[in-house]
Amino acid sequence: MLVVMKKDATQEQIDHVIEAIGRLGLSAHPIPGAQRTAIGITGNKGSLDRNILESLDGVLEAIPVSKPFKQVSREWRQDDTVVDVAGVKIGGPHLVLIGGPCAVESLEQVRAVARAVKAAGGHLLRGGAFKPRTSPYSFQGLGEEGLRILAQVRDEVGLPVVTEALDPDGVGLVETYADMIQIGARNMQNFSLLKRAGKSRLPVLLKRGMSATIDELLLAAEYVVSEGNPNVVLCERGVRTFANHTRNTLDLSAIPAVKGVSHLPIIADPSHGTGRREKVLPMARASIAAGADGLIVEVHHQPERALSDGHQAIYPDMFADLVEQIRRLAPVVDRDMHPPVEVPAAG
Ligand code: PEP
Ligand code: MN
């Protein structure tokens, strides 16, 4: 249920409604808006009697939230959420481009790729230190050493860092070194991980599971938000289908579908979505055309030597071309490119 206050409601009336919700044994979530305040209610088992709420002073109306997800729904909040990642704002008027290797392999590798991403106009650096590999015999990532490399390159090059945490303990490590926590497709419904990320001060990049519906993706986001962290960016990275011309099927229709029912930003990952270098650029363009708030793309200066996902990593010059093409495409969807952001060097 969402209680919408009148435009001229006083703070006293708002406080009174919050107290009344508390007395019913429920949780109140005030949502201040430019026009008026709304107060979301969670914790009810069945439906609530809206008359009780609508009879309180200053209340305009009480609206039932029809979706299974509440706080991430558009009914709960009409304005788009803008997530701030160390000064890079995802979900506003500007498109955000995230580039970097699949896995952190060495200082030299991350440095070379980060410099190229920055020079091309990318905004955030990606790179996994903990890799969720299908085979236990594949490269699992450098662990904390990989996080240290990312933090060093972040300060040298001036790009905030997003990197994956595989488990609740990993979130603590990512908080020490990085700017955004990635939760991967395989972990989209790892509920202890989601809850731990919900207690973090860092924003979360939540990737859609490879067989997850939109409702399941948004309920996973609800886990993070309901623990107190409102800063979630969703990511469409492809789902498993019968198609064998690509690694996954990048479900572009998920982008407008999510935008319709949620206020959270959504970006696309045309790298995992296709699995093939030559398909990344066309699907990147298509993602932005479909309304994505940005892209996350795997870039490697020597993809033939990459320890993971080399086939889908684009070369630095291809990333520069991608940035340029997205810059030209942006006005068609009433967007522009996010301005460059300087990360203050570590003191
Ligand atoms: C990745 O970003 O490198 C990754 C493992 O992605 P996903 O979780 O989408 O497979
Ligand atoms: Mn990868």
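Report on the accompanying structure. These figures come from a predicted structure and were not determined experimentally.

It is worth spelling out the nonpolar core at this point. Membership of the largest hydrophobic core comes to 66 residues, with the highest contact counts inside it found for Leu206, Leu234, Leu295 and Leu322. With seven residues, the single largest contributor to this core is helix α7 (residues 214-226). The residues contacting Leu234, other than those within four sequence positions of it, are Leu205, Leu206, Leu217, Leu218, Ala221, Val258, Leu264, Pro265, Ile266 and Ile267.

Moving on, we come to the packing of helix α6 (residues 191-198) against α7. The geometry of α6 relative to α7 is characterised by a closest axis approach of 6 Å and an angle of 45 degrees between their N-to-C directions. Between α6 and α7, the crossing angle belongs to the class labelled oblique. In this structure, α6 crosses over α7, and the sense of that crossing is right-handed. Contacts from Phe191, Leu194, Lys195, Ala197 and Gly198 of α6 reach α7 at Ala220, Tyr223 and Val224. In terms of residue class, the contact of α6 with α7 is made up of six nonpolar, one polar and one charged.

Our focus in this paragraph is unusual backbone geometry. Even without a glycine there, the phi angle at Ala86 is positive, about 50 degrees. Tracing the sequence through the fold places Ala86 in the loop between β5 (83-85) and β6 (88-90). Residue Ala86 is classed as partly exposed on the basis of its relative accessible area, which comes to 36%.

Here we come to the state of the cysteines. Summed over the entire model, instances satisfying the criterion amount to zero disulfides. Free of any disulfide, Cys235 has its nearest cysteine sulfur in Cys102, 13 Å distant. For Cys235, a relative accessible area of 0% puts it in the buried group.

For the coordinates displayed, the defined rule picks out 20 salt bridges. Here Glu175 and Arg196 are joined by a salt bridge, their closest N and O atoms 2.7 Å apart. Here Glu175 is found in helix α5 (residues 168-177), whereas its partner Arg196 is found in helix α6, with 21 residues between them in sequence. Glu175 sits in the buried class, given a relative accessible area of 16%. Relative accessible area serves as the criterion here: at 24%, Arg196 is assigned to the partly exposed category. For Asp251, the salt bridge goes to Arg208, with nearest N and O atoms at 2.8 Å. On the criterion of sequence distance, the pair formed by Asp251 in the loop between β12 (232-236) and α8 (254-261) and Arg208 in the loop between β11 (204-207) and α7 is long-range, its members being 43 residues apart. According to the relative accessible area criterion, Asp251 is buried, its value standing at 18%. With relative accessibility at 6%, the residue Arg208 sits in the buried group. Salt bridges here are not isolated pairs; linked through shared partners, they connect Glu144, Glu145 and Arg148.

On to the environment of Gly198. The topology assignment puts Gly198 in helix α6. A residue is classified by how much of its surface remains accessible, and Gly198, at 2% relative accessible area, is buried. Contact partners of Gly198, with chain neighbours within four places excluded, come to Val224, Glu227, Gly228 and Asn229.

So, about the environment of Val174. With respect to the secondary-structure elements, Val174 resides in helix α5. What makes Val174 buried here is its relative accessible area of 0%. Residues Val174 and Arg148 lie 26 residues apart in sequence; the distance between their C-alpha atoms is 9.9 Å. Sequence-distant contacts of Val174, that is, excluding residues within four places in its chain, are made with Leu147, Thr163, Glu164, Ala165, Met180, Ile181 and Leu202.

Quick look at the coordination of the manganese ion (ligand 2) now. As a benchmark, a tetrahedral metal site with four donors has ideal angles of 109.5 degrees, while an octahedral site with six donors has ideal angles of 90 or 180 degrees. Taken together, Cys102 (SG), His272 (NE2), Glu298 (OE) and Asp309 (OD) make up the protein donors of the manganese ion (ligand 2), found 2.0 to 2.4 Å from the metal. Summarised as a motif, the one-chain spacing of the donors to the manganese ion (ligand 2) is C-x169-H-x25-E-x10-D. Of this pair, Cys102 sits in the loop between β7 (94-100) and α3 (107-120) while Glu298 sits in strand β14 (residues 294-298), placing them 196 residues apart in sequence. Like Cys102, the residue Glu298 is buried in the burial classification.

Here we take up the site of ligand 1. Around ligand 1, the structure places 13 residues, and the nearest of them are Arg126, Lys131, Ala185, Arg186 and Arg237. A distance of 2.9 Å separates an oxygen atom of ligand 1 from a polar side-chain atom of Lys131. Between ligand 1 and Gln182 there is a distance of 2.9 Å, counted from an oxygen atom to a side-chain nitrogen or oxygen. Taken together, the residues of the shell around ligand 1 sort by class into three nonpolar, three polar and seven charged.

Turning our attention to the pairing of β7. The element β7 is largely enclosed, with a buried count of six among its seven residues. As paired elements, β7 and strand β15 (residues 336-337) share two bridges and run parallel to each other. By the bridge assignment, His94 is partnered in β15 with Asp336. The pairing of β7 with β14 spans five bridges and is parallel. Bridge pairing in β14 links Val96 to Gly294.

Calculation rules
Residues numbered from 1 in each chain as written. Chains lettered and ligands numbered in written order. Predicted model: local features only at pLDDT ≥ 70, side-chain atom pairs only at ≥ 80, totals over all residues. Heavy atoms only, no water. Core = buried A, V, L, I, M, F, W, Y, C linked by side-chain atoms within 4.5 Å. Buried < 20%, exposed > 50% of the residue type's maximum accessible area, 1.4 Å probe, protein only. Helix = DSSP H or I, 4+ residues; strand = E, 2+ residues; numbered from the N terminus. Contact = heavy atoms within 4.5 Å. Axes fitted to C-alpha atoms, helices over the stretch in contact; angles between N-to-C directions. Parallel < 35°, antiparallel > 145°, perpendicular 65-115°, else oblique. Left-handed = near helix turned anticlockwise from the far one by under 90°. Nonpolar A, V, L, I, M, F, W, Y, C, P; charged D, E, K, R; others polar. Disulfide = S-S within 2.5 Å. Salt bridge = Lys/Arg side-chain N within 4 Å of Asp/Glu carboxyl O. Donors = N, O, S within 2.8 Å, 3.2 Å for Na, K, Ca; no water. Near = heavy atom within 4 Å. Polar contact = N/O pair within 3.5 Å; in protein donor to acceptor, adjacent residues only side chain to side chain. Pairing = 2+ DSSP bridges.

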